[in-house]
Amino acid sequence: VADADVLDLAKRRGFLWPAFDAYGGAAGFYDYGPLGAAMKTAFENLWRHIFLHTEPLPMGEVFCPRVTPYEVLKASGHVDEFTDLVVKCQNGHPMRADHLVKEAGYDGNADALSQAGIDVQVVALKPACPTCGAKKWTPAAPMNLMNQTEIGPGSGRVGYLRPETAQGIFTDFPLLLRYFRGKLPFGAIQLGGSNRNEISPRQGMLRLREFSMMEAEVFFADTNAPLAAFAGVAKRTAVFVPNTTEKAVEMSFGEAVSSGMVCNQALGYFLARTQQFLLLAGMDPKRLRFRQHLENEMAHYAQDCWDAEFYSDRYGWIECVGIADRGCYDLSQHAKHSGRVGDFTYRLALADGPRFEARRVEVDAGKLGRTFKAQAKAVAAAIQQEFIDAAAKVGGYDSVAGLGSVTFEGQATAPATLHVTIDGASVQVPADCIKSIEEGTFRLDARNILPSVIEPSFGVDRILYALWEHAYEAGEKNGEPYIRLRLSPYVAPVQVAVLALTSKDGMPEKAAEIEWQLRAAGLRTDSDLSGNIGRRYARQDEAGTPYCVTVDQDTMQDGSVTVRDRDTTQQERVASDALVQYLRRRCQPDHA
Ligand code: ATP
Ligand code: GLY
């Protein structure tokens, strides 16, 4: 299928329109028409069904602002690192450097090339500028992709339109932790718009400057711990492309994790949930795979990352979901930059924590100050450091979250003279500067940790394009071109069209009555009275409507209708009192 065909259909039927068309449009911006908006809403609700309503882990939905203060995105690393490399041709046309090199025939992973690596390839491949054909390019330079704005007129306060919805969730972590009664794991989901000032958006719906995301941030004390929910998905199979071999292999999620290819069950679990969702939404299983990022391709925050990719006839394999183990990167950044470390810290109680040998000393701050003057702080710190180092050996100390809680299992001893080393010199601390000394075995009762995060991040628009392309089927019927869009009933903008066979004998009224009954049951419906029934079926097939209910003479007698299945074109007679259930079972995931 050519993307032009898919986009033609989308435009003609009111799925997708170029934004600001009356003014010539703007690259990277699209509108959803009535069918597209209905499908997008249904699609987002299906996502909620999987990641919120039927997710066994505790989940909650939040909704955060799109304008985000500078400080937040500075802390998250986006101000400094959310960049793509740009090159400009001799006539000043900008191009995203990795895309230029890839289109010129570079057969490695261009996204993983360094700045210098890009320059080497541009010189070697001499790509022509897609706009003007020029072949001379500037050296590559990083360009930040965020759209900057001002918060409050004339305030000089810098803000950005968010490039991902995730940061709102991370900054909400302290409030979420309280909401979830202080217990891990839990997750927050967010659906909403994001902006990226993409350098050269030339791939239709795949690369937008404003797009919709559906993200989940799931917080764990330890992502490497076994996850009970994983058992429920371990037997599902998928195609994986690991970064070690870069070759596709089919295996179960269980094997993918036990072989160490996917780093832990928590990540494996969300890969599987992602697959489950995409298949329910109608993605072709043969055109879906999971590809692991190369080490040097990963975002600045990721420890391990897999992309769900779909195959497009026009564009090849395209990322549509990123599933990352972000570790504790984001929470530790916000803990440090907000100055509210304690709020971002989780106290992980240990039933029978590890023991360690150490000496814990409580100093008399007043006497220490009088004795050591300007050096007092350094002396106190050196005394404490000894204990921290010992605790750190059993994981009782985190550089951001600090010391957990410990119990001394021995007897305190009387204050005595101590020696500490400061800047390589031994310093003697007299006994009268010391209040107490505990030397012996300590037990770690709790660790202060920064929770780790697994994040599935879905791009709505890219996936909708994939669903259209995978569902698109063109042929001929009675000598005329005929298109059928085999959309999943769960996301089809219209699930049931109710068609009166003729506009006489009370049939339109009966059809309207049935349509209201179906709407009341939560089904998305449409009606159509214009043209012969074959033409009306064809119109619905093209819009992706999975079922047509036809009201005929018999309906007027006994209430029964025919239900036509879009994909088989078979018709079945269904009794009036069975109709709602019949359609719900086929169109609503919670009735399936
Ligand atoms: P790419 O390398 O293609 O620019 P990315 O790696 O930057 O994508 P992520 O940052 O992982 O993408 O974003 C998560 C998801 O958001 C992507 O899988 C994609 O579906 C969607 N997405 C990202 N950028 C865009 C865009 N410009 N237009 C539409 N969707 C996008
Ligand atoms: N939140 C993931 C991303 O934007 O890449």
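Look a little higher up for the structure.
Being a predicted model, the structure only gives us computed values, none of them experimental. (Residues numbered from 1 in each chain as written. Chains lettered and ligands numbered in written order. Predicted model: local features only at pLDDT ≥ 70, side-chain atom pairs only at ≥ 80, totals over all residues. Heavy atoms only, no water.)

### Regarding the overall build of the protein chain
Within the protein chain, the secondary structure is distributed over 19 helices and 33 strands. For the protein chain, the spread of C-alpha atoms along the principal axes amounts to about 105 × 65 × 55 Å. Here the protein chain holds 592 residues, and the buried ones make up 51% of them. Of the roughly 26,800 Å² of accessible surface on the protein chain, 50% is carried by carbon and sulfur atoms. (Helix = DSSP H or I, 4+ residues; strand = E, 2+ residues; numbered from the N terminus. Buried < 20%, exposed > 50% of the residue type's maximum accessible area, 1.4 Å probe, protein only. Areas by Shrake-Rupley, 256 points an atom, 1.4 Å probe, with all protein chains shown as cover.)

### With respect to the pattern of salt bridges
Evaluation of the coordinates by the stated rule reveals 41 salt bridges. Between glutamate 542 and arginine 12 there is a salt bridge, with its nearest N and O atoms 3.2 Å apart. Of this pair, glutamate 542 sits in helix α17 (residues 533-543) while arginine 12 sits in helix α1 (residues 3-13), placing them 530 residues apart in sequence. In this structure, glutamate 542 and arginine 13 form a salt bridge, with 2.9 Å as the shortest nitrogen-oxygen distance. In this pair, glutamate 542 is assigned in helix α17 and arginine 13 in helix α1, connecting sequence segments 529 residues apart. When its relative accessible area of 23% is taken as the criterion, arginine 13 is described as partly exposed. In this structure, a network of salt bridges that share partners links the residues Asp84, Arg96, Asp98, Asp111, Glu198 and Arg207. (Salt bridge = Lys/Arg side-chain N within 4 Å of Asp/Glu carboxyl O.)

### Considering unusual backbone geometry
In this chain, leucine 184 is followed by proline 185 through a cis amide linkage whose omega measures -5°. Among the structural elements, proline 185 can be located in the loop between α8 (173-179) and β10 (186-195). At aspartate 505, a residue that is not glycine, the phi angle is positive and equals roughly 55°. Checked against the element boundaries, aspartate 505 lands in the loop between β29 (496-500) and α16 (507-520). With a phi close to 60°, threonine 569 is a non-glycine residue in the positive phi region. The topology assignment puts threonine 569 in the loop between β32 (561-565) and β33 (571-574). On the basis of relative accessibility, which here comes to 33%, the residue threonine 569 falls in the partly exposed class.

### Considering the sheet that holds strand β3 (residues 59-61)
Ordered by their spatial adjacency, nine strands build an open sheet running β3-β10-β11-β26-β16-β15-β14-β12-β13, and the pairing between neighbours is mixed. The open sheet has two free edges, formed respectively by β3 and β13 (249-252), since each of these has just one partner strand. Within the sheet, the average angular offset between the axes of one strand and its neighbour, ignoring direction, is 30°. As defined by bridge partners, strand β14 (residues 288-292) adjoins strand β15 (residues 304-312) across five bridges and the pair is classed as antiparallel. Paired with leucine 288 across the strands is phenylalanine 310, a residue of β15. Each of β11 (210-220), β15, β16 (316-327) and β26 (452-459) is contacted by helix α15 (residues 460-471), which is oriented at about 35° to β15, the strand it contacts most. (Pairing = 2+ DSSP bridges. Axes fitted to C-alpha atoms, helices over the stretch in contact; angles between N-to-C directions. Contact = heavy atoms within 4.5 Å.)

### Some details on the side chain of glutamine 540
Of note, glutamine 540 is situated in helix α17. Glutamine 540 sits in the buried class, given a relative accessible area of 4%. If sequence neighbours within four positions are ignored, glutamine 540 has contacts with Val494, Ala497, Asp526, Asp528, Thr545 and Cys548.

### Brief notes about helix α2 (residues 34-53)
Taking 1.5 Å of rise per residue, the 20 residues of α2 would be expected to cover 28 Å, and the 26 Å separating its terminal C-alpha atoms lies within 8% of that figure. Most of α2 is tucked away, with 14 of its 20 residues classed as buried. (Expected span 1.5 Å × (residues − 1).)

### So, the packing of aromatic side chains
For any pair of aromatic rings, geometry is given as the distance between the ring centres together with the angle between the planes. Under the criterion given, the structure shown has 26 aromatic pairs. The aromatic ring of tyrosine 482 is capped on one face by lysine 477, whose charged end is 4.3 Å from the ring centroid. It is arginine 586 that lies over the ring of tyrosine 582; its NZ or CZ is 3.6 Å from the centre. (Phe/Tyr/Trp six-rings, centres within 6.5 Å; stacked < 30°, edge-to-face > 60°. Lys NZ or Arg CZ within 6 Å of the ring centre and 35° of its normal.)

### Some thoughts on the nonpolar core
Ranked by size, the top nonpolar core spans 75 residues in total, and within it Phe43, Phe240 and Phe277 carry the most contacts. Counting 22 residues, the second-largest nonpolar core is a separate cluster that includes Leu176, Phe180, Leu184 and Ala188. (Core = buried A, V, L, I, M, F, W, Y, C linked by side-chain atoms within 4.5 Å.)

### Focus: the packing of helix α13 (residues 365-372) against helix α14 (residues 376-392)
Across the interface, α13 lies against α14 with an axial gap of 8 Å and an inter-helix angle of 125°. Relative to α14, α13 is oriented oblique. In this structure, α13 contributes Leu368, Gly369 and Phe372 to the contact, and α14 contributes Ala376, Val379 and Ala380. When grouped by side-chain class, the residues that make up the contact of α13 with α14 number five nonpolar, one polar and no charged. (Parallel < 35°, antiparallel > 145°, perpendicular 65-115°, else oblique. Nonpolar A, V, L, I, M, F, W, Y, C, P; charged D, E, K, R; others polar.)

### Brief notes about the environment of asparagine 296
In this fold, asparagine 296 is placed in the loop between β14 and β15. In this structure, the C-alpha to C-alpha distance between asparagine 296 and serine 114, residues 182 residues apart in sequence, is 8.6 Å. There is a polar contact of 3.4 Å between the side chain of asparagine 296 and the backbone oxygen of alanine 112. (Polar contact = N/O pair within 3.5 Å; in protein donor to acceptor, adjacent residues only side chain to side chain.)

### What to know about the site of ligand 2
In the vicinity of ligand 2, the contacting residues are Glu164, Arg196, Met213, Glu215, Tyr301, Arg326, Glu455 and Ser457. The side chain of glutamate 164 places a nitrogen or oxygen atom 2.4 Å from a nitrogen atom of ligand 2. Residue arginine 326 places a side-chain N or O atom 3.5 Å away from a nitrogen atom belonging to ligand 2. Split into classes, the residues belonging to the shell around ligand 2 amount to two nonpolar, one polar and five charged. (Near = heavy atom within 4 Å.)

### Details of the site of ligand 1
In the vicinity of ligand 1 lie 15 residues, with Glu198, Arg207, Leu208, Glu319 and Cys320 positioned nearest. Here cysteine 320 contributes a backbone N or O atom positioned 2.9 Å from an oxygen atom of ligand 1. Arginine 462 is positioned with one of its side-chain polar atoms (N or O) 3.1 Å from an oxygen atom of ligand 1. If ligand 1 stood free it would expose 600 Å²; the protein chains cover 86% of that surface. Those elements that place two or more of their residues in the shell around ligand 1 are β11, β16 and β26. Among the elements that take part in the shell around ligand 1, β16 stands out by supplying four residues, more than any other. Its residues assigned to classes, the shell around ligand 1 shows six nonpolar, three polar and six charged.

### Some points on α16
Given a rise of 1.5 Å per residue, 14 residues ought to cover 20 Å, and the 20 Å separating the end C-alpha atoms of α16 matches this to within 8%. Inspection of α16 places Met507, Ala511, Ile514, Glu515 and Leu518 among the buried residues, and these make up the whole buried set. Along the axis of α16, the buried residues cluster in a sector spanning 105°; they form a single face. More than 90 degrees from the buried face of α16, the exposed residues found are Glu509, Glu513, Trp516 and Ala520. In the stretch just after α16, glycine 522 is the one whose phi turns positive, near 90°. (Arc of directions from axis to C-beta.)

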